[in-house]
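Survey of secondary and tertiary structure
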Amino acid sequence: MVAPRDYNAEYRDGARKYAYRFDTVLRRYIMRTLDPFLPPGRALEMGCYTGEMTELIAARYADLTVIEASEELVAVADARLAGRARFVRGTFETVDIAERYDAIFLIHTLEHLDDPVAVLRRVNGWLADRGRLFVAVPNANAVSRQIAVHMGLIRFNDAVTEDERVHGHRKTYRLDTLARDALDAGLRIVQSGGVFFKPLANYQFDRLMDGDVISEGYLEGCYRLGMQYPDLCASIFLVCERGK
């Protein structure tokens, strides 16, 4: 019998860090990448962590609902948003959603799901007629990850490491496997790509951002280079619309 998941435990830092300052930088670039595709209307965020991405979404959508399974994260993010979002505590697999949304965000969350295709099928039904789903996940083929494979730190590009598993990861996506899950769920893909060319691991970025090595200009350069090499980026993304 599979043990129930402890969503509060999965997000916490353990022997190895899970949350890095670089994550804040990456969220900013993810939102910048998605901005041209955002429709007006009502928004739904699926999984909020501590609310950093929620704040970015709330700056663009006055009507925002958030689904989150961890009561601890709901409390943190709700306090952070100070009334700018409505929070629903529950799992994506069981929560009852009657509304339809113009924009749904699954940002660095799909890789945590036990059955991502089943959840994406549910999301297909939560989209308004002209609504869009925005999915972003860590990239198995990121340069930093491929270097780790050649160093012997990770067995292969899309492996789920033990540290990732402890923090709730169930899958490591490439562009083709991400697209496959979306299509299997009946969604229609209208755009895909990568965000931020990533030559270093998160902890390396954090250490170098504390000094004079990693400047804002360097970060901007990595973002722009990622447009040329999406398969080597830190994150990959899809913009999807409702299937028939």
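Provided above is the structure to which this section pertains.
Everything in this summary refers to the structure shown in the same document. (Residues numbered from 1 in each chain as written. Predicted model: local features only at pLDDT ≥ 70, side-chain atom pairs only at ≥ 80, totals over all residues. Heavy atoms only, no water.)

Relative to the helices and strands, Val239 is located in strand 7 (residues 233–241). Given the relative accessible area of 0%, Val239 is considered buried. Residues Val239 and Tyr229, spaced 10 residues apart in sequence, show a C-alpha to C-alpha distance of 18 Å. What Val239 contacts, discounting residues up to four positions off in sequence, is Leu34, Phe37, Arg132, Leu133, Phe134, Arg188, Ile189, Val190 and Gln191. (Helix = DSSP H or I, 4+ residues; strand = E, 2+ residues; numbered from the N terminus. Buried < 20%, exposed > 50% of the residue type's maximum accessible area, 1.4 Å probe, protein only. Contact = heavy atoms within 4.5 Å.)

Mapping Asp115 onto the fold places it in the loop between strand 4 (101–107) and helix 5 (116–126). By relative accessible area, Asp115 is classed as partly exposed at 42%. For the pair Asp115 and Gly186, spaced 71 residues apart in sequence, the C-alpha separation works out to 15 Å.

Bringing the pattern of salt bridges into the picture now. Following the criterion strictly, the structure yields 22 salt bridges and no others. Between Arg32 and Glu220 there is a salt bridge, and its shortest N-O distance comes to 2.7 Å. Placement of the pair is Arg32 in helix 2 (residues 21–34) and Glu220 in helix 10 (residues 216–228), with a sequence separation of 188 residues. In this structure Arg32 comes out as partly exposed when scored by relative accessible area, which is 34%. Among the ionic pairs, Glu241 bridges to Arg188, the shortest N-O distance being 2.3 Å. One end of the pair, Glu241, is in strand 7; the other, Arg188, is in strand 6 (residues 188–197), and 53 residues separate them in sequence. Overall, Glu241 belongs to the buried group, its relative accessible area being 16%. Arg188 sits in the partly exposed class, given a relative accessible area of 45%. (Salt bridge = Lys/Arg side-chain N within 4 Å of Asp/Glu carboxyl O.)

So, on to the packing of helix 2 against helix 10. It is at 12 Å that the axes of helix 2 and helix 10 come closest, and there the two elements cross at 45 degrees. The pairing of helix 2 with helix 10 is recorded here as oblique in orientation. The two elements helix 2 and helix 10 cross, and the hand of that crossing is right-handed. Between helix 2, through Val25, Arg28, Tyr29, Arg32 and Thr33, and helix 10, the contact on the second element is made entirely by Glu216, Leu219, Glu220, Tyr223 and Arg224. Classifying every residue of the contact of helix 2 with helix 10 by side-chain character gives four nonpolar, one polar and five charged. (Axes fitted to C-alpha atoms, helices over the stretch in contact; angles between N-to-C directions. Parallel < 35°, antiparallel > 145°, perpendicular 65-115°, else oblique. Left-handed = near helix turned anticlockwise from the far one by under 90°. Nonpolar A, V, L, I, M, F, W, Y, C, P; charged D, E, K, R; others polar.)

Turning to the pairing of strand 1 (residues 43–46), a few remarks are in order. Burial along strand 1 is two-sided: Ala43 and Glu45 and Leu44 and Met46, pointing in opposite directions, are all buried. Pairing geometry for strand 1 and strand 2 (residues 64–68), over four bridges, is parallel. Within strand 2, the position partnered with Ala43 by the bridge is Leu64. Between the parallel elements strand 1 and strand 2, the chain passes through helix 3 (residues 52–58) in a crossover that is right-handed. Looking at chain direction, strand 1 and strand 4 are connected through three bridges and run parallel. Each bridged residue has a counterpart across the sheet, and for Ala43 the counterpart in strand 4 is Ala103. (Pairing = 2+ DSSP bridges. Right-handed = clockwise from strand over helix to strand, strands pointing away.)

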